Structures are given as structure tokens and as C-alpha cells.
Amino acid sequence: MAANNINRVKSSDIELKDKLVGINRVTKVTKGGRTFSFSAIVVVGDENGIVGHGLGKAKEVTEAISKGIDDAKKNLIRVPIINDTVPHAQKGKFGGARVLLKPASNGTGVIAGGAMRAVLESVGIHNVLAKSQGSSNPHNVVKATMDALSQMRDAVAVAKQRGVSMDKVFNG
């Protein structure tokens, strides 16, 4: 995969906004009765190319959300954004979820559903065509979207990786 391409970011001096993707109530049945707990999947981003996702589990909803935010701040990556869209078409995969991201012209908006929309808006992409294929499980869709975003490269990164000039990247 693109493990060498992922730009990890420290969350210390960044103003991050969080979005709640989903909350699940989980019931554990014991001989003493039912025990309820909650799991929350959260996406955080600065709407300027930095995004992360996290999962929090607790006995109360607010505690689960705050744990999810803390977890998301530990998994931040930097994504290249060109003209408020993605640099190129990219597929991402995690578990049974597969996603497709395509650049779009100005004024298109974020054409994506549910969990993908939360990730794309948090990273600061305003024009994109996205399709979720396969599983619609929000946990896997968020991770597949993050996989696709982590594989994105701009022209400068391609030129540096190949060891050629920017002119050579565009003109062959």
C-alpha cells in the first residue's frame, strides 16, 4: 500500500473540528440483567487537508464521543487538496467496503453519502464525486475513505518520488 506516503500529523497546535459519524448501543446480557454500553465513531479535521478518525467505547454516550475524539487525534494524516478537490481519482478499500473518489469541477459540491461525506467535509474537500461500493458499514466505509485519501499524491510528491522535474511530470 502507500505506507511510505502517509504524512502523520501531530494534533498539538491545530484547531480541529469533530463530526460524529455514528453511535451504536451494545447490550451485554448477563445473569444479572442487561448491561448497555455505547460505541461512537468520530471524524476530526481542520478543513484544510488534515483528517483523522477514531472509535470510542464507554457506558455513556458523551464519554464514548470524547474517547472517540481523543482516538481520532492520534490518527491524523495530511491530504493534498488542489482547487478544493482531490488531485486524482483513487480507490480505497477496507474489509468489505470499497470507495471511489473522483475530482470534480467547482460548484459540484460533495456528492457522497453518510460516513464518506463526514470524512470528506472534515478534510476540507468541497467538490468531489464519491461512490461507496460493497459494504455500507460506517466503520469500514470511514476506514476505506481514509485509505483512499492516504494514497493521494500531488504533482510535487510525484516529481520528488520519481526524481524528475515538475515539467517532466506534466509533459512526459
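Scroll up to find the structure.
Residues numbered from 1 in each chain as written. Predicted model: local features only at pLDDT ≥ 70, side-chain atom pairs only at ≥ 80, totals over all residues. Heavy atoms only, no water.

J.: Sorry, what's going on with the overall build of the chain here?
T.: Regarding its fold elements, the chain presents five helices and eight strands. Seen through its C-alpha atoms, the chain measures out along the principal axes to roughly 70 × 35 × 30 Å. Within the chain, buried positions represent 38% of all 172 residues. Considering only contacts within the chain whose residues lie at least 6 apart along the sequence, 59% involve residues at least 24 apart. Summed over its atoms, the accessible surface of the chain is roughly 9,800 Å², and 48% of this surface lies on carbon and sulfur atoms. One finds the centroid of the 25 positive side-chain charges in the chain at a distance of 11 Å from the centroid of its 14 negative side-chain charges. (Helix = DSSP H or I, 4+ residues; strand = E, 2+ residues; numbered from the N terminus. Buried < 20%, exposed > 50% of the residue type's maximum accessible area, 1.4 Å probe, protein only. Contact = heavy atoms within 4.5 Å. Areas by Shrake-Rupley, 256 points an atom, 1.4 Å probe, with all protein chains shown as cover. Lys, Arg positive; Asp, Glu negative; His and termini not counted. Charge placed at Lys NZ, Arg CZ, Asp CG, Glu CD.)

J.: What exactly am I supposed to notice about the sheet that holds strand β2 (residues 33-45) here?
T.: Hydrogen bonds between backbone groups are what pair the strands of a sheet, and the pairing can be parallel or antiparallel. Across the sheet, four strands lie side by side as β1-β2-β3-β4; this open sheet has antiparallel pairing. In this open sheet, the two strands that pair with only one neighbour each are β1 (17-30) and β4 (77-78). Across eight bridges, β2 lies against strand β3 (residues 50-58) in antiparallel orientation. Considered in β3, the bridge of serine 39 is made with lysine 57. Helix α3 (residues 138-150) rests against β1, β2, β3 and β4 of the sheet, and its axis sits at about 155 degrees to β3. (Pairing = 2+ DSSP bridges. Axes fitted to C-alpha atoms, helices over the stretch in contact; angles between N-to-C directions.)

J.: Sorry, what's going on with helix α4 (residues 155-162) here?
T.: Residue pairs spaced three or four apart in an α-helix point in one direction, given the helix's 3.6 residues per turn. Looking at α4, one finds that the buried residues are Ala155, Val158 and Ala159. Along the axis of α4, the buried residues cluster in a sector spanning 100 degrees; they form a single face. Relative to its buried face, α4 has exposed residues pointing more than 90 degrees away, namely Val156, Lys160 and Gln161. Buried residues in α4 make contact with α5 (166-171). (Arc of directions from axis to C-beta.)

J.: What's the story with the environment of alanine 155 in this structure? I'm lost.
T.: By the element assignment, alanine 155 lies in helix α4. When its relative accessible area of 19% is taken as the criterion, alanine 155 is described as buried. Spatially, the C-alpha atoms of alanine 155 and proline 87 are 8.3 Å apart, while their sequence positions differ by 68 residues. Beyond its immediate stretch of four places on either side in the chain, alanine 155 contacts Met166, Val169 and Phe170.

J.: Is there a simple way to think about unusual backbone geometry in this case?
T.: Keep in mind that most residues, glycine aside, have a negative phi and that most peptide bonds are trans. Its identity as a non-glycine residue notwithstanding, asparagine 83 has a phi of 55 degrees, on the positive side. As for its position among the elements, asparagine 83 is in the loop between β4 and β5 (90-94). A positive phi angle, near 60 degrees, is found at aspartate 84, a position not held by glycine. Residue class for aspartate 84 comes out partly exposed when judged on its relative accessible area of 36%.

J.: I keep staring at α3 and nothing clicks. Help me out?
T.: Counted at 1.5 Å a residue, the expected span for α3 with its 13 residues is 18 Å, and the 18 Å between its end C-alpha atoms agrees. α3 sits mainly inside the fold: 11 of its 13 residues count as buried. Taken together, the buried positions of α3 are occupied by His139, Asn140, Val141, Val142, Ala144, Thr145, Met146, Asp147, Ala148, Leu149 and Ser150. (Expected span 1.5 Å × (residues − 1).)

J.: For this particular structure, what's the right way to read the nonpolar core?
T.: Here is a general trend for soluble globular proteins: nonpolar side chains tend to be buried in one another's company. Within the largest apolar cluster, 26 residues are counted, with the highest numbers of intra-cluster contacts made by Val51, Leu101, Leu120 and Leu149. When residues of this core are traced back to their parent elements, those giving at least two are β2, β6 (97-103), α2 (114-123), β8 (128-134) and α3. Here the element with the most residues in this core is α3; it accounts for six residues. Among all residues touching leucine 120, those that are not within four sequence positions of it are Leu101, Val110, Ala112, Ile125, Val128, Ala130, Thr145 and Leu149. Val9, Val42, Val44 and Ala72 belong to the second largest nonpolar core, which has eight residues in total. (Core = buried A, V, L, I, M, F, W, Y, C linked by side-chain atoms within 4.5 Å.)

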